[in-house]
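Listed here are the chains, written in short residue letters.
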Amino acid sequence: MHDIGKNLVAMMMGGAGFKVVDLGTDVKPETFVVAVNQHKPNILGMSALLTTTMPKMMDTIDMLREAGVRGQVKVMVGGAPVTAEFASHIGADAYGPNAAAAVEEAKALIR
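The rules we used
- Residues numbered from 1 in each chain as written.
- Predicted model: local features only at pLDDT ≥ 70, side-chain atom pairs only at ≥ 80, totals over all residues.
- Heavy atoms only, no water.
- Core = buried A, V, L, I, M, F, W, Y, C linked by side-chain atoms within 4.5 Å.
- Buried < 20%, exposed > 50% of the residue type's maximum accessible area, 1.4 Å probe, protein only.
- Helix = DSSP H or I, 4+ residues; strand = E, 2+ residues; numbered from the N terminus.
- Contact = heavy atoms within 4.5 Å.
- Axes fitted to C-alpha atoms, helices over the stretch in contact; angles between N-to-C directions.
- Parallel < 35°, antiparallel > 145°, perpendicular 65-115°, else oblique.
- Left-handed = near helix turned anticlockwise from the far one by under 90°.
- Nonpolar A, V, L, I, M, F, W, Y, C, P; charged D, E, K, R; others polar.

(A) Highlighting the nonpolar core. In this structure, Leu-44, Met-46, Met-57, Leu-64, Val-75 and Val-77 are the most contacted members of the largest nonpolar core, which totals 20 residues. It is helix α3 (residues 54-66) that provides the largest number of residues to this core, a total of 4 residues. Dropping the residues within four chain positions of it, Val-75 is found in contact with Leu-44, Met-46, Ile-61, Leu-64, Arg-70, Ala-92, Asp-93 and Ala-94.

(B) Expanded view of the packing of helix α2 (residues 29-39) against α3. At a minimum axis separation of 9 Å, α2 and α3 run at an interaxial angle of 45°. In terms of orientation, α2 lies oblique with respect to α3. Where α2 crosses over α3, the two elements pack in a sense that is right-handed. Judged by residue contacts, Pro-29, Glu-30, Phe-32, Val-33 and Val-36 of α2 engage Lys-56, Asp-59, Thr-60, Met-63 and Leu-64 from α3. Taken together, the residues of the contact of α2 with α3 break down into 6 nonpolar, 1 polar and 3 charged.

Rendered as structure tokens:
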């Protein structure tokens, strides 16, 4: 899959002082839950390039809730087909329309 946007966000987050754990592309919801339990992040970011992958973002948030860790992590989403309305609909805490905005949103989430 195309991962230029994900890599750009990860690089900019790192440059802004965030520790980034990059799980790669085509990540299953279960893998996100394991990573949240293992790394205890403040923020979990997800990106979609295709509209067909967007439902997995909601599945991931649901699985975080089922695992009892949703309250421990803020969820931020972005990617070409993703909108602020979609982010709100799936229960994400923030939406980043581009890499620079994602960094600002992440900073706002941890204030």
